[in-house]
Amino acid sequence: MVKAHRCKKLSCKEQPLDPERHGRIESLDVNSSPSLLLNIALALQHVLVLSSLCALVVETLIQEVDKDRIVAYVFFNSGISTLLQSWIGSRLPLILAPSLDFLIPALALLSAQSGTAVACRGQCTEPEEPVAPAHPIRELRGMAVVAGMVQLAVGLTGLGGFALGRCGPLVLAPLLCILGFSIYREAALFCSDHWGMAALAVVLLVILSQHQHYFLRLSVFSVCKRLSVLLSVMVTCGVCAALVRWGHVHLNSVTQIVSTKRNATFIQSRNSPHSSDFVFPNDSVPWLDFPLPAPALPLLSGKSIAAGVAGGLSSSISSPAVYVVAARLLKAPVPPAHACNRGLCVDGLGSVLSGLMGAPVGLCSSVPNACVIGLSQSGSRSTVQLAGVLLLILGVSPQLAQMLCSVPLAIHGAVLGVTYTLSVATGITYFQHADVDSGRNIFNIGFTVFMSLALPRWFRLHSSFIQTGVPSVDVFLQSLLTLPVFFVGVLAFLLEHTVSGTLPERGLVRHEGTKKILSLADQQQGYSYNPNAVYDPPPLVMKVLDLSGLRTVPFCACRSPPVEEVVVTVPEMSSLLPDKDAAVSSG
């Protein structure tokens with residue numbers, strides 16, 4: 001009795017010190033509804049992360065006077081596409097935004113303009129007849145429209161869902177790792193604007209998201225962890241504003257950093273405002289300007305079509321990878337084929353809409369916004385829908401968009417650097433489901449990761465190596481060969497399905513009933529809810545997709561397959577019952 005009493009006292013004293021319970025907060029799943037104030041703060045946090053991608057992609061490409069208006073157009077199109085994605089698309093809590101899948105082909109397109117050093121390579125001659133130079137913004141818009149058509153084609157034909165269903169752990173692991181590593185150069189470039197401010201933002205982000213449970217109550221820690229990105233950005237922006245006003249800090253713009261550290265020939269040196277102008281906003285930017293379709297149509301030249309096809313193919317690989325990241329962080333099943341196809345279709349519609357509305361880049365699922373789910377432990381669909389509404393508000397107010405995008409570049413770099421690390425970590429978790437001691441797997445993983453980092457880097461530094469004599473082919477090859485996500489997706493998929501190996505060695509298992517090959521990652525991860533509650537569209541959309549006219553190609557790839565009913569015959573049922581003769585003999 002004494003021992004039992006002592007053990008009971010000991011267990012009561014050790015319970016608060018349990019490392020598995022202390023500091024743990026309850027995750028908000030897809031169908032949860034946070035409080036109104038918390039939901040608004042979480043939505044604003046998603047918008048801030050999106051602004052980091054806009055600072056990277058849009059401000060690098062656009063050096064026009066109406067840059068703030070174009071950024072507002074991007075926000076508006078992103079808001080519409082985000083609402084569609086959460087309603088009829090993949091149904092995951094994802095934000096649609098510009099990405100490196102469009103930035104790299106856009107840079108190849110701009111560098112191939114007639115008269116530039118990269119396009120001529122010292123062999124340009126004066127044309128006999130004057131040729132009107134193409135407008136770069138119109139060509140970029142044409143690239144976005146073509147990329148959207150490619151995304152639509154991949155989604156409607158079911159190719160995206162078909163490929164994702166055949167991606168095992170040894171395909172997803174290097175793909176997600178390279179997806180996270182693909183931003184390290186740009187993130188370091190932004191952080192180099194002021195390493196002190198970047199380090200402050202990173203330290204605050206780590207403390208607020210990981211270490212606060214040691215000295216705060218659980219309720220306060222829960223709020224700080226969920227809003228770690230928002231609070232870190234706000235505190236660091238306040239410190240930057242004070243130092244800039246006192247004259248102790250000088251911050252550079254995107255144009256100055258890119259032109260000086262990358263020797264980019266496609267960016268003109270202009271007296272652009274510094275990013276420190278967030279202290280002194282530009283009063284000439286209008287407060288209200290409803291985005292309308294651009295008066296001039298997108299320019300579909302051979303080079304813009306080539307760049308658009310490359311960007312569409314790469315984004316069709318990265319978007320399903322983002323779906324996997326979001327599902328893994330939500331502890332949900334991998335998206336089925338119909339959900340992946342619907343998501344790619346919404347991505348394509350968003351890219352086409354962006355090109356027609358005047359934005360120079362397409363849209364796909366945002367990697368950092370998906371990774372914020374892991375940082376904040378909040379994956380509510382209502383939060384993402386509210387973020388889409390906030391993006392629509394920013395889209396009709398260029399002044400608000402300018403104020404949001406005037407965050408110092410060092411803070412943008414810190415946000416991108418911390419959020420993308422979760423994609424790398426999510427990819428590493430897939431290695432546990434395969435035989436990592438197998439020589440086949442060691443070669444496939446090492447070869448895929450190394451080549452996907454080395455070859456795009458080499459082709460980016462030696463852009464004059466590709467010279468076929470056809471400018472559109474040069475742009476297409478230069479775009480594809482400098483896209484690390486495209487490289488890793490193709491290499492990992494080919495090696496996985498061409499190098500022989502057993503199913504357990506590859507992290508796969510054959511289902512006994514259906515004889516289908518499934519991933520061990522899907523079998524071993526504990527799901528917290530029914531997959532249909534995550535990926536099935538609303539009943540109204542399901543009724544529309546079930547119409548007789550939409551049951552054929554190209555809409556059949558977006559419909560959920562009918563449920564297969566297993567009929568048990570009488571002999572099969574009798575075989576499950578004990579044998580009477582055997583029972584008698586045993587008795």
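Higher on the page you've got the structure.
Residues numbered from 1 in each chain as written. Predicted model: local features only at pLDDT ≥ 70, side-chain atom pairs only at ≥ 80, totals over all residues. Heavy atoms only, no water.

A.B. asks: Give me the lowdown on the overall build of the chain, citing residues and values where you can.
C.D. replies: Across its full length, the chain carries 27 helices and 4 strands. Counting across all 587 residues of the chain, residues that qualify as buried make up 53%. Counted over contacts in the chain with a minimum sequence separation of 6, partners at least 24 positions apart contribute 85%. Carbon and sulfur atoms make up 65% of the accessible area of the chain, which totals about 27600 Å². (Helix = DSSP H or I, 4+ residues; strand = E, 2+ residues; numbered from the N terminus. Buried < 20%, exposed > 50% of the residue type's maximum accessible area, 1.4 Å probe, protein only. Contact = heavy atoms within 4.5 Å. Areas by Shrake-Rupley, 256 points an atom, 1.4 Å probe, with all protein chains shown as cover.)

A.B. asks: Describe in detail the nonpolar core, supporting the description with residues and values.
C.D. replies: In this structure, L56, L61, F75 and L92 are the most contacted members of the largest nonpolar core, which totals 113 residues. Counting residues per element, this core draws most heavily on helix 2 (residues 36–61), which supplies 15 residues. Sequence-distant contacts of F75, defined by excluding residues within four places in its chain, comprise L50, S51, C54, L391, L394, G395, A401, L404 and C405. Judged by nonpolar contacts, the second largest core, of 5 residues, contains I104, A310, L483 and F486. (Core = buried A, V, L, I, M, F, W, Y, C linked by side-chain atoms within 4.5 Å.)

A.B. asks: Talk me through helix 18 (residues 398–405); I want residue IDs and the actual numbers.
C.D. replies: The element helix 18 is largely enclosed, with a buried count of 6 among its 8 residues. Taken together, the buried positions of helix 18 are P398, Q399, A401, Q402, L404 and C405. On its buried face, helix 18 is in contact with helix 2, helix 3 (67–87), helix 17 (381–395) and helix 19 (409–429).

A.B. asks: Explain the side chain of S86 to me, and be specific about the residues and the numbers.
C.D. replies: Along the chain, S86 falls in helix 3. According to the relative accessible area criterion, S86 is buried, its value standing at 0%. Among the polar contacts made by the side chain of S86, one reaches the main-chain carbonyl oxygen of L83 at a distance of 3.0 Å. Excluding its chain neighbours within four sequence positions, the residues that come into contact with S86 are R91, R381 and Q385. (Polar contact = N/O pair within 3.5 Å; in protein donor to acceptor, adjacent residues only side chain to side chain.)

A.B. asks: Report on the side chain of N77, specifying residues and quantitative values.
C.D. replies: Mapped onto the secondary structure, N77 falls in helix 3. Classification of N77 by relative accessible area gives buried; the value is 0%. With residues up to four places along the chain from it excluded, the contact list for N77 reads L353, S354, M357, A359 and L363.

A.B. asks: Mind laying out the packing of helix 20 (residues 439–461) against helix 22 (residues 484–498), listing which residues take part and the relevant values?
C.D. replies: It is the contact of helix 20 with helix 22, at a shortest axis distance of 9 Å, that shows an interaxial angle of 155°. In this view, helix 20 runs roughly antiparallel relative to helix 22, as classed from their interaxial angle. As helix 20 runs across helix 22, the sense of the crossing is right-handed. Where helix 20 abuts helix 22, its residues R440, N444, F447, T448, M451, S452, L455 and P456 lie against P484, F487, V488, L491, A492, L495 and E496. Residue composition of the contact of helix 20 with helix 22, by class: 10 nonpolar, 3 polar and 2 charged. (Axes fitted to C-alpha atoms, helices over the stretch in contact; angles between N-to-C directions. Parallel < 35°, antiparallel > 145°, perpendicular 65-115°, else oblique. Left-handed = near helix turned anticlockwise from the far one by under 90°. Nonpolar A, V, L, I, M, F, W, Y, C, P; charged D, E, K, R; others polar.)

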